[in-house]
Amino acid sequence: NIQYIINMVIQLVSYKSSLRNDSKLRHTTNIINSSTANLILFSGHTLSSHYDIYELNSHVKNTKTTAVMEVKENAISELNPIHNSLYLLQNGIAKDMFTHQLFKDSASISTSPELGEHLILDLETRRKFSINNRNIAVIQCGENNILRNIQSEDNKTVFRFENNPKLHQRFSEFLDSTNIILNPIHSPMGNQGKMRKRREYFSNNNRAYFSTANFNDENSINNKSIQYACINGKELEPSNIEIDKRNSYIIRTFIL
C-alpha cells in the first residue's frame, strides 16, 4: 500500500564503469557519510573485493542510512571466490547478506526451474530487509529475467514459470509482501521496451521499483537507461541530481 512508503528518501548511485577500484571505495565511503537518505542503492560491482568492505567499515561514520551494495569478488577462500555478492550496510556496518547473483540472462534461467526456485527462496529470506516497516527486496541485474515478455502480446510481462503453480504462488506471495524492489545493474539493459514492461510489473499494486546501472563515460552519464524509479509503472522525478566534478558518479534522490 502506497501509504507505507511515503516520506522515504532513496538515493540511486551510478559509477563510471572505468573507475578505479580505490576510487569507487573512496566515493562509496564519502557518499554514505554525507547522505541523509533513508536508503542508498549503489550500482552493480560497487566494490571490487571483500577487503574493500573491511576498509569501508573502518571509515563509515553514518549510522542512520541503510545502503545496498554489491561486491564483485567475495572470497570464501582465495581459490573459491563468489562473484557479485550482496552486502547490506545498516547502523554504520556493511554485512554479508550471504547471497549472490544466480543468473544473468534469459538463456540461463529459461531451462532451469531450479534456479528460479533458488532465487525465490533467497527473495523470501536472504534478499529481504525492512526500514520503518517497509519491506524491501533486492533482485540483481539480469535476475529480472525471472520475468519474461510475450512479444506477440505487446511484450506483456509474466512470471517465467507461470506453468509451475507452486513457484508462481510463491513469487506472487513474495511480491504481495514487498513494498520496494531494488535492482542494482552492472551496465544498462538492452531492449528498453521489454524492460519498461518489467518495471511496470514489478511496480504494480503500489510497489516502488528502483534500478541503477554503471555508465560508460561522461557522454552517457545522463542517459535515461542508467537509472529508473517507478510506482505503478509511472516514473518518478528526482528531487535532486548530483554529479561530481570529474563525472565519476551521478546520484539521483527520490522522495516517496
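All values derive from a computational prediction rather than experimental measurement.

## Quick look at the sheet that holds strand β12 (residues 208-213)
Strands sit in the order β7-β8-β11-β12-β13-β14 across an open sheet of six strands; the sheet is mixed. The sheet is open, and its two edges are formed by β7 (128-131) and β14 (234-235), each paired on a single side. Pairing of strand β13 (residues 227-231) with β14, which is carried by two bridges, proceeds in the antiparallel orientation. Looking across to β14, one finds that Cys230 is bridged to Glu235. Sitting on the sheet, helix α6 (residues 192-202) touches β11 (180-185), β12 and β13, and the angle it makes with β13 is about 40°.

## A look at α6
Inspection of α6 places Met195, Lys197, Arg198, Arg199, Tyr201 and Phe202 among the buried residues, and these make up the whole buried set. The inward-facing, buried residues of α6 abut β9 (147-150), β10 (156-159), α5 (165-176), β11, β12 and β13.

## Focus: the pairing of β11
The element β11 is extensively covered by neighbouring structure, given that six of its six residues are classed as buried. The pairing of strand β8 (residues 134-138) with β11 spans three bridges and is classified as parallel. Residue pairing in the sheet places Val138 in a bridge with Leu182 of β11. Assessed by its sense of winding, the connection that carries the chain from β11 through α6 to β12 is right-handed.

## Overview of the packing of aromatic side chains
By the definition in use, this model includes nine aromatic pairs. Summarising the aromatic geometry, the rings of Tyr51 and Tyr54 are spaced 6.1 Å apart at their centres and angled 75° between planes, so their arrangement reads as edge-to-face. Of this pair, Tyr51 and Tyr54 both sit in helix α2 (residues 50-59), three residues apart, roughly one helical turn. With a centroid separation of 4.8 Å and an interplanar angle of 20°, the aromatic rings of Phe159 and Phe171 are classed as stacked. Here Phe159 is found in strand β10, whereas its partner Phe171 is found in helix α5, with twelve residues between them in sequence. We classify Phe159 as buried; its relative accessible area is 1%.

Conventions and cut-offs
- Residues numbered from 1 in each chain as written.
- Predicted model: local features only at pLDDT ≥ 70, side-chain atom pairs only at ≥ 80, totals over all residues.
- Heavy atoms only, no water.
- Pairing = 2+ DSSP bridges.
- Helix = DSSP H or I, 4+ residues; strand = E, 2+ residues; numbered from the N terminus.
- Contact = heavy atoms within 4.5 Å.
- Axes fitted to C-alpha atoms, helices over the stretch in contact; angles between N-to-C directions.
- Buried < 20%, exposed > 50% of the residue type's maximum accessible area, 1.4 Å probe, protein only.
- Right-handed = clockwise from strand over helix to strand, strands pointing away.
- Phe/Tyr/Trp six-rings, centres within 6.5 Å; stacked < 30°, edge-to-face > 60°.

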